[in-house]
Structures are given as C-alpha cells and as structure tokens.
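Secondary and tertiary structure notes
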Amino acid sequence: MKAKPLMKVDEARTRILASMPLMPGEEISIINGLGRITHDDIMSRRTQPPLALSSMDGYAVRFSDVQEIPSKLTRVGSAPAGRAYPNALNRNEAVRIFTGGPIPVGADTVVIQENVDAESENDGANLQVNQQPTKGQYIRSAGLDFQTGELGIKAGRKLTARDIGLAAAMNVPWMSVRRRPKVAILATGDEIVRPGDNINPHQIVSSNSYTLAALIKAAGGEPIILGIAPDTIEGIQSFFETRIGADLIITTGGASVGQHDLVQKALAKDTFGASGLDIDFWRIAMRPGKPMIFGRINDTPMLGLPGNPVSTMVCGLIFVKPAIRKMLGADITNDNTTKASLLEALPENDERQDYVRAIYFINDAGSKVVKAFDRQDSSMMKFLTHSNCLIIRPPFDRSHIVGDEVEILEFEEGF
C-alpha cells in the first residue's frame with residue numbers, strides 16, 4: 001500500500017489555526033494590562049489637553065501688544081499648572097505662566113521668560129519684552145493629543161507600557177482584554193521524571209512540559225502542567241477521563257509508531273469511547289517534528305507533539321505560538337522571518353521542510369550573515385539554546401554555497 005503523503009507545514013498550520021477557539025473578553029485594571037491583548041477598541045474618555053496650555057515658562061500676552069520691540073507690559077497675575085488666571089487679558093497686560101498653565105482668556109502667545117526683563121515676581125510689576133515672538137508660540141491647543149471619543153488603542157493589540165500610559169491619560173481605569181487561553185500539557189513516557197525527582201540511570205529529566213509552559217506564557221497563554229503519563233494505555237487515558245478544562249491540550253511523546261508510542265491508541269474512539277480523539281492529520285513534512293498529531297478530544301483541540309526536546313520546541317514555535325495568538329485575536333502575520341547570507345555551504349534538502357538551528361550576526365560590512373550548527377540531532381537542546389534563529393529550508397531545496405541568501409526565522413524574546 002502506498003504511504004499517504006506527508007502534510008505540508010503551511011497546510012498544517014492553516015488547519016490548526018482554523019480550529020482554534022477565540023477567547024472571550026474580561027475586564028481588568030490597567031495596572032494589569034501589560035502584555036495582554038485588547039478585546040475591544042479603547043476610546044478616550046477625556047480631551048487632552050482639556051484646554052489651551054503653555055508649553056514653556058514665561059508670560060502669556062496678546063500678540064498685538066508685542067509688535068514693537070522692546071514692548072512694555074504690566075504683570076497682572078499668574079497661571080501655574082492646574083490653576084487659571086480668572087480674568088480676561090486687557091491691552092498691554094501679561095500673565096506670568098508656567099509649563100502646563102492654562103492660557104488666559106484674550107491671550108494668544110507665550111513669550112519665554114528668557115526674552116523678558118521683569119522688575120519683580122510680583123503682580124503689578126513692569127515687564128519689557130526684548131525679542132519679537134511668533135503668534136501662537138508655545139501654546140498647546142485643546143485636544144492637541146486626543147479628544148473625547150477618539151480611538152486610542154485598537155482591538156487585537158498586545159499592550160505595551162506606552163499603551164498603559166495612554167489609557168491612563170485617556171481616563172480609562174479598566175479595559176477589556178482577551179482571556180488568556182488555558183493550555184494543558186501532558187508529558188508521556190516511562191523514561192522521564194520531573195526535575196529534582198529521584199532518577200535511575202536509565203531515565204532522563206523531563207524538560208518538554210517546562211519549555212512549552214514558558215513558550216505558552218510568552219505567547220500570552222496560561223499553561224497547566226498535568227504531569228507525566230506512563231507508557232500504558234490506561235495510564236494515558238486516566239488523564240482524559242474527566243474534562244481538563246483547557247482551551248487547548250498538548251501531549252509530548254508517544255506520537256510516533258513505535259511499540260511504546262501509545263497516544264493515538266489510548267485515545268482512539270474504539271479504545272477510549274465516543275469522546276475519544278478525532279484526528280485531523282498526523283505526520284508533517286518537516287524536520288524536526290514529523291510525527292505530530294492534530295485533532296480534537298472532548299471537543300477540545302489537541303496537539304500531540306514528538307518527544308524529542310528540539311522537535312517539541314520547534315513545533316511549539318511553528319504551531320503552538322501562532323495558535324495561542326489566534327485564540328487571543330492577535331496578529332499572526334508577523335512571523336519574524338528575514339534573510340541572511342550563509343557563512344558555510346549547505347547540502348541539498350529532501351522532501352521535508354527543514355528548520356536548522358543556527359546563529360546570525362551583523363558582520364563588519366553591516367550585512368546579516370548566518371551559520372548553522374554542525375550537529376542537528378533533535379535530542380540536543382544546548383545548540384537550540386545557543387541559537388538565535390532557525391534557517392528555513394523548503395522541501396527539495398537546492399544545495400547552497402557560501403554567500404547564498406537564505407530565509408531565517410529569528411527568535412523573539414521569551415523563546
């Protein structure tokens with residue numbers, strides 16, 4: 001029987017993203033907004049500035065009174081920030097004003113204090129303006145920044161510190177953001193133990209749950225580490241006998257076809273029952289990460305990732321991260337890909353899309369160059385840690401020589 005063709009990465013990604021549920025909104029204080037994704041547009045509840053204000057320390061005057069230099073004026077009052085001069089400005093009068101002070105009625109220009117000689121800082125003092133001003137100078141008009149009802153922050157934006165400041169200035173103490181998707185993580189395998197637990201010479205420390213949890217947090221999700229399931233059908237099934245309460249379920253390990261790869265067998269409908277796993281696809285034309293499973297169990301999307309740590313992390317970057325972004329209603333078009341020139345030759349590629357651990361930098365000529373690590377074994381985590389990008393090699397990519405330009409996927413903060 002002819003083997004079923006492996007699914008292409010782009011098609012797999014499209015099908016996964018199309019199945020992701022969109023998270024509802026929840027109200028939070030702006031103090032907790034950093035990094036969250038807005039559910040609704042945030043509109044200003046205030047005009048800023050609420051009235052015309054001075055942008056400098058100096059004197060508020062009528063432009064018509066300072067046409068001849070020097071001009072003689074009389075100080076009639078002051079306007080510090082937060083307190084207005086109560087009267088309208090008359091001919092040849094000036095109001096001492098400070099940055100943020102309201103512009104008095106009748107004034108249309110601010111002369112900076114460096115261009116004025118004043119006999120004192122008292123009301124009634126005589127002033128002399130020594131330099132011709134420009135009409136309207138150093139006045140911030142009402143609504144210069146934003147006005148009541150104006151769109152300040154769009155829905156679907158990941159909130160930065162700048163956004164929090166803008167929301168506060170717009171008098172918005174609460175905002176609607178997407179609820180963080182809950183992502184359950186189940187590791188499988190008799191050979192793995194949790195960090196710090198007793199370990200025998202034939203076991204290894206489980207890292208996948210923790211790397212995935214960190215990636216999920218960085219993407220905006222809420223990870224739930226379920227633990228480690230043994231390599232038995234009953235052991236795996238025990239974690240799914242009650243609803244997990246997650247928006248996405250991820251398993252690691254047991255996704256291939258070996259004697260101890262039991263995830264599909266344990267969760268199949270003829271084994272687990274009517275609420276068992278509906279498989280959308282299995283096996284992808286990628287390296288690492290080929291034996292990945294995607295489907296639904298108990299109406300919840302489920303990704304079955306390979307057990308090798310690098311395979312898990314690359315699948316997390318290519319599929320899990322955008323899935324969480326999709327659930328948050330955030331932009332998924334920016335995938336951080338760019339171009340770089342090879343420092344070493346690469347052989348031709350086979351039928352799988354290859355994600356090659358590599359490091360890029362800017363050379364002395366100001367060009368971006370990249371070098372792949374010599375060893376690409378999917379069990380070796382240290383080279384992924386030392387990498388800052390992946391070289392993306394499409395299926396059947398030709399061989400490349402030094403200087404050829406290739407596509408790279410740069411790592412973001414948190415990966």
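Quick caveat: nothing in here was measured; it's all calculated off a predicted structure.

Criteria and cut-off values
- Residues numbered from 1 in each chain as written.
- Predicted model: local features only at pLDDT ≥ 70, side-chain atom pairs only at ≥ 80, totals over all residues.
- Heavy atoms only, no water.
- Pairing = 2+ DSSP bridges.
- Helix = DSSP H or I, 4+ residues; strand = E, 2+ residues; numbered from the N terminus.
- Axes fitted to C-alpha atoms, helices over the stretch in contact; angles between N-to-C directions.
- Contact = heavy atoms within 4.5 Å.
- Core = buried A, V, L, I, M, F, W, Y, C linked by side-chain atoms within 4.5 Å.
- Buried < 20%, exposed > 50% of the residue type's maximum accessible area, 1.4 Å probe, protein only.
- Salt bridge = Lys/Arg side-chain N within 4 Å of Asp/Glu carboxyl O.
- Left-handed = near helix turned anticlockwise from the far one by under 90°.
- Nonpolar A, V, L, I, M, F, W, Y, C, P; charged D, E, K, R; others polar.
- Parallel < 35°, antiparallel > 145°, perpendicular 65-115°, else oblique.

A separate point is the sheet that holds strand S18 (residues 278-282). Each strand in a sheet pairs with its neighbour through backbone hydrogen bonds, running either in the same direction (parallel) or in the opposite one (antiparallel). Spatially, 6 strands are ordered S16-S13-S17-S21-S20-S18 in an open sheet, and the strand pairing comes out mixed. Looking at the sheet topology across the chains shown, the edges are occupied by strand S16 (222-229) and S18. Strand-to-strand twist across the sheet, computed as the mean angle between neighbouring axes with direction ignored, equals 20°. Direction of pairing for S18 relative to strand S20 (residues 293-297): antiparallel, over a ladder of 4 bridges. Across the sheet, residue Trp282 finds its bridge partner in S20, namely Ile293. Of the strands in this sheet, S18, S20 and strand S21 (300-305) are in contact with helix H1 (residues 9-18), which crosses S18 at around 155°.

Moving on, we come to the nonpolar core. Of all hydrophobic cores here, the largest spans 43 residues; its most connected members are Ile16, Ile250, Met292 and Phe319. In terms of residue count, the dominant contributor to this core is helix H7 (residues 309-327) (11 residues). In contact with Phe319, not counting residues within four places along its chain, are Val9, Ala12, Arg13, Ile16, Ile284, Met286 and Met292.

Looking now at the pattern of salt bridges. Applying the stated criterion across every chain, the model contains 18 salt bridges. Linking Asp123 and Arg75 is a salt bridge whose minimum nitrogen-to-oxygen distance equals 3.1 Å. On the criterion of sequence distance, the pair formed by Asp123 in the loop between strand S8 (116-118) and strand S9 (126-129) and Arg75 in strand S5 (residues 71-79) is long-range, its members being 48 residues apart. By relative accessible area, Arg75 is classed as buried at 7%. The partner of Asp278 in a salt bridge is Lys269, with the nearest N and O atoms 3.5 Å apart. Assessed through its relative accessible area of 43%, Asp278 is described here as partly exposed. A relative accessible area of 37% places Lys269 in the partly exposed class. Here the residues in one salt-bridge network are Arg75, Arg96, Glu121 and Asp123, joined through shared partners.

Here we take up the packing of H1 against H7. It is the contact of H1 with H7, at a shortest axis distance of 9 Å, that shows an interaxial angle of 30°. Crossing hand, H1 versus H7: right-handed. Judged by residue contacts, Val9, Ala12, Arg13, Ile16, Leu17 and Ala18 of H1 engage Ile318, Phe319, Pro322, Ala323 and Lys326 from H7. Among the residues making up the contact of H1 with H7, the classes are represented as 9 nonpolar, no polar and 2 charged.

So, on to the environment of Asn87. Inspection of the secondary structure assignment puts Asn87 in the loop between S5 and strand S6 (93-97). Residue class for Asn87 comes out partly exposed when judged on its relative accessible area of 44%. With near-sequence residues (within four places) excluded, Asn87 lies in contact with Pro104 and Val105.

Here we have 6 strands laid out as an open sheet, ordered S7-S4-S6-S5-S9-S8, and mixed in their pairing. The sheet is open, and its two edges are formed by strand S7 (109-112) and S8, each paired on a single side. Ignoring which end each strand starts from, the neighbouring axes of this sheet average 40° apart. The pairing of strand S4 (residues 58-61) with S7 spans 4 bridges and is classified as antiparallel. When the sheet's bridge partners are listed, Val61 is paired in S7 with Thr109.

Orientation of helix H3 (residues 208-219) relative to H7, taken along the N-to-C sense of each, is 25°, at an axis distance of 10 Å. On the basis of their axis angle, the class for H3 and H7 is roughly parallel. The crossing of H3 and H7 is right-handed. Two secondary-structure elements touch here, H3 through Asn208, Thr211, Leu212, Leu215, Ile216 and Ala219 and H7 through Pro309, Thr312, Met313, Gly316, Leu317, Val320, Lys321, Ile324 and Arg325.

Keep in mind that these numbers describe shape and distance, not what the molecule does.
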